[in-house]
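The primary structure of each chain is shown beneath.
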Amino acid sequence: MPDSQPQPPPPPSSPPGPAEPSSLLLCGARLTDGRTVDVRLGEGRIEAVGTAGSLGRTRACGARVDLRGYLLLPAPAEPHAHADTALSADTEGPVSSAPQDVQRRATEAALLQLGHGATALRAHVRVGDVQGLSALAAVLQARRALRGLAELTTVAMPRVLTGVAGADGLAVLRDAVKMGASVVGGRPDLDPDPAGYVEAVLEVASEHGCSVDLHTDAGDPARLARLAAMAGGLRPGVTLSPCGDLGNLPSEVASRTADQLAAAGIAVVCLPQGGCCGVERRGTAPVRLLRAAGVRVAAGSGALRDVSNPVGRGDPLEAAFLLASRHGLSPEEAYDAVSSSARVVLGLPEVRVEAGFPAELLAVRGDGLAGALSLAYSRVVVHRGRVVARTSAVREYCSSAASVELGLPRQGRGQVH
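Calculation notes
- Residues numbered from 1 in each chain as written.
- Predicted model: local features only at pLDDT ≥ 70, side-chain atom pairs only at ≥ 80, totals over all residues.
- Heavy atoms only, no water.
- Axes fitted to C-alpha atoms, helices over the stretch in contact; angles between N-to-C directions.
- Helix = DSSP H or I, 4+ residues; strand = E, 2+ residues; numbered from the N terminus.
- Parallel < 35°, antiparallel > 145°, perpendicular 65-115°, else oblique.
- Left-handed = near helix turned anticlockwise from the far one by under 90°.
- Contact = heavy atoms within 4.5 Å.
- Nonpolar A, V, L, I, M, F, W, Y, C, P; charged D, E, K, R; others polar.
- Core = buried A, V, L, I, M, F, W, Y, C linked by side-chain atoms within 4.5 Å.
- Buried < 20%, exposed > 50% of the residue type's maximum accessible area, 1.4 Å probe, protein only.
- Pairing = 2+ DSSP bridges.
- Expected span 1.5 Å × (residues − 1).
- Right-handed = clockwise from strand over helix to strand, strands pointing away.
- Salt bridge = Lys/Arg side-chain N within 4 Å of Asp/Glu carboxyl O.
- Polar contact = N/O pair within 3.5 Å; in protein donor to acceptor, adjacent residues only side chain to side chain.

K.L.:
How should I be thinking about the packing of helix H4 (residues 194-208) against helix H5 (residues 221-231) in this particular structure?
P.N.:
Geometrically, a packed helix pair is captured by the angle between its two axes and the distance between the axes. Close contact between H4 and H5 brings their axes to 10 Å; oriented N to C, the two are set at 20°. The angle between H4 and H5 falls in the class roughly parallel. In terms of crossing hand, the pair formed by H4 and H5 is right-handed. In contact with Pro194, Ala195, Val198, Glu199 and Leu202 of H4, H5 contributes Arg223, Arg226, Leu227, Met230 and Ala231.

K.L.:
Any chance you could explain the packing of helix H3 (residues 163-179) against H4 here in plain terms?
P.N.:
The contact between H3 and H4 brings their axes to 11 Å, and the two run at 30°. Regarding the angle of H3 to H4, the classification is roughly parallel. As H3 runs across H4, the sense of the crossing is right-handed. Within the contact between the two elements, H3 uses Leu170, Leu173, Arg174 and Val177 and H4 uses Ala200, Glu203, Val204, Glu207 and His208. The class makeup of the residues in the contact of H3 with H4 is five nonpolar, one polar and three charged.

K.L.:
I keep staring at the nonpolar core and nothing clicks. Help me out?
P.N.:
Where a protein is soluble and globular, its nonpolar side chains tend to be buried together. Counting residues in each nonpolar core, the largest one holds 84 residues, and the members touching the most others are Val184, Val212, Ile266 and Leu290. At seven residues, H4 tops the list of elements feeding residues into this core. If we ignore the near neighbours within four places in the chain, the residues touching Val184 are Val155, Ala156, Leu173, Val177, Val201, Val204, Ala205, Cys210, Ser211, Val212 and Asp213. Ala29, Leu72, Val351 and Ala359 belong to the second-largest nonpolar core, a separate cluster that totals 21 residues.

K.L.:
Explain the sheet that holds strand E9 (residues 183-186) here, please?
P.N.:
Reading across from one edge, E6-E7-E8-E9-E10-E11-E12-E13 is the order of the eight strands in this open sheet, with parallel pairing throughout. Of all strands in the sheet, those bounded by a partner on one side alone are strand E6 (78-81) and strand E13 (297-299). In this sheet, adjacent strand axes meet at a mean angle of 25° when their direction is disregarded.

K.L.:
Just to check I follow, could you spell out H4 for this structure?
P.N.:
Helical geometry note: an α-helix holds 3.6 residues per turn, so side chains three or four residues apart project in the same direction. Its 15 residues place the ends of H4 21 Å apart at the C-alpha level, agreeing with the 21 Å of an ideal helix rising 1.5 Å per residue. Among all positions in H4, only Pro194, Gly196, Tyr197, Val198, Ala200, Val201, Leu202, Val204 and Ala205 are buried. Phi turns positive one or two residues past the end of H4, at Gly209, with a value near 70°.

K.L.:
Help me out: how do you make sense of the pairing of strand E10 (residues 211-216) in this one?
P.N.:
A regular strand places its side chains on the two faces of the sheet in alternate fashion. Across the six residues that make up E10, a large majority, six, are buried. Covered by surrounding structure in E10 are Ser211, Asp213 and His215 together with Val212, Leu214 and Thr216, the residues of both alternating faces. Looking at chain direction, E9 and E10 are connected through four bridges and run parallel. Bridged to Gly186 within E10 is Leu214. Running through H4, the crossover from E9 to the neighbouring parallel element E10 is right-handed. Inspection of the sheet shows E10 paired to strand E11 (residues 238-242) by five bridges, in the parallel sense. Looking at E11, one finds that Thr216 is bridged to Pro242. Taken together, E10, H5 and E11 form a β-α-β motif whose crossover is right-handed.

K.L.:
Can you walk me through the pattern of salt bridges in this structure?
P.N.:
Oppositely charged side chains are able to pair whenever their charged atoms sit close together. Tallied over the full model, the rule gives 17 salt bridges. The closest approach of N and O atoms between Asp129 and Arg159, which form a salt bridge, is 3.0 Å. Separated by 30 residues along the polypeptide, Asp129 in the loop between strand E7 (120-127) and helix H2 (134-145) and Arg159 in the loop between strand E8 (151-158) and H3 bring together distant segments of the chain. For Asp129, a relative accessible area of 55% translates into the label exposed. One salt bridge connects Glu203 with Arg174, and the closest N-O pair in it is separated by 3.4 Å. In this pair, Glu203 sits in helix H4 while Arg174 sits in helix H3, placing the two residues 29 residues apart along the sequence.

K.L.:
In this structure, what is going on with the environment of Gln113? I would like to understand it.
P.N.:
By secondary structure assignment, the location of Gln113 is in helix H1 (residues 99-116). When the C-alpha atoms of Gln113 and Glu78 are compared, they prove to be 8.1 Å apart, with 35 residues separating the residues in sequence. Residues within four places of Gln113 in sequence aside, it is in contact with Glu78, Ala81, Ala118, Leu121, Ser301, Leu304 and Gly314. Within the structure, Gln113 has its side chain in polar contact with the side chain of Glu78 (distance 3.2 Å).

Below, the structure written as structure tokens:
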């Protein structure tokens, strides 16, 4: 199926019966340590992991999924999306802010990213000005429609929070949290008083026990130092993104700034696939420098086919591929940025392919992680212990004497059952 046309998830492979089987058996999957295993899921968690063929003999399962030839991984999470503007790049004229259009775009974007493997997403949504809270209400409606398929949380992004105009923005931000936004954020660099903006956001976050997720290019080290001093120790946590200008600072200044962020416990979400918020791409945050300083670094998608990145794909595995191919991370480090570290940023529990952990999983056709990041076409996505999305790719070549003579492999039409 084309990437631009998300379809409903496939029905369970078991015979007609309850909507969700009591358990699901993933058969013959390969793990990153080289083992081939069966994995039994139940009640939204991993119940057991055993050698291939062992679990089917010990307990009847409601359904089975054949994952021979697939690598089984903890599912990615998307820590930085823009649901209200997604899929608007081809719009002629102004982008519609009608609630039904925002809801449709947000739902379609989340389904696209779910198909890529992201079972949890954080969407930044503009609030205030002319649109008030209508875009947030539409994205929250999309969240309700996606329940059972993916977890969608929202960040309220007011434009101005200081001065006379900021009074209205602050009131809207508080109303956004009451409406259902679980994170407060915005772009302090655009406020006449960036420090005052940060102070206002931190105040609202403290009042409501919210996380903070702020946009900044991170090109002003003095401003970042003040932010780190103000935000240090705030729980449940502070995240900055995309921080693309941090890598343009002199190395000593960038290193000192990274140390300050690490000391304050501030996480950074980089956007290796492109920019966001209508800002021209300014590069990717210096992930190796930040990691060396002890900063938690996750990777997000940013814009998904809006004016900031008309070709944005919203694919976490592409983000990991770019971190590995262009920014010096190992495949394991790169995948951590879109999975384990992304989940930490979102405040989600850890996922491992071990008994007792949440059944949030991604199966990718391939033998190893490097190969999966390189050619991650066929995917099976598991959320809360059931298959919620499936993408199958078949590549065929015409017969030739060369292929027969050399014994070149051809991918068969094997299917996931």
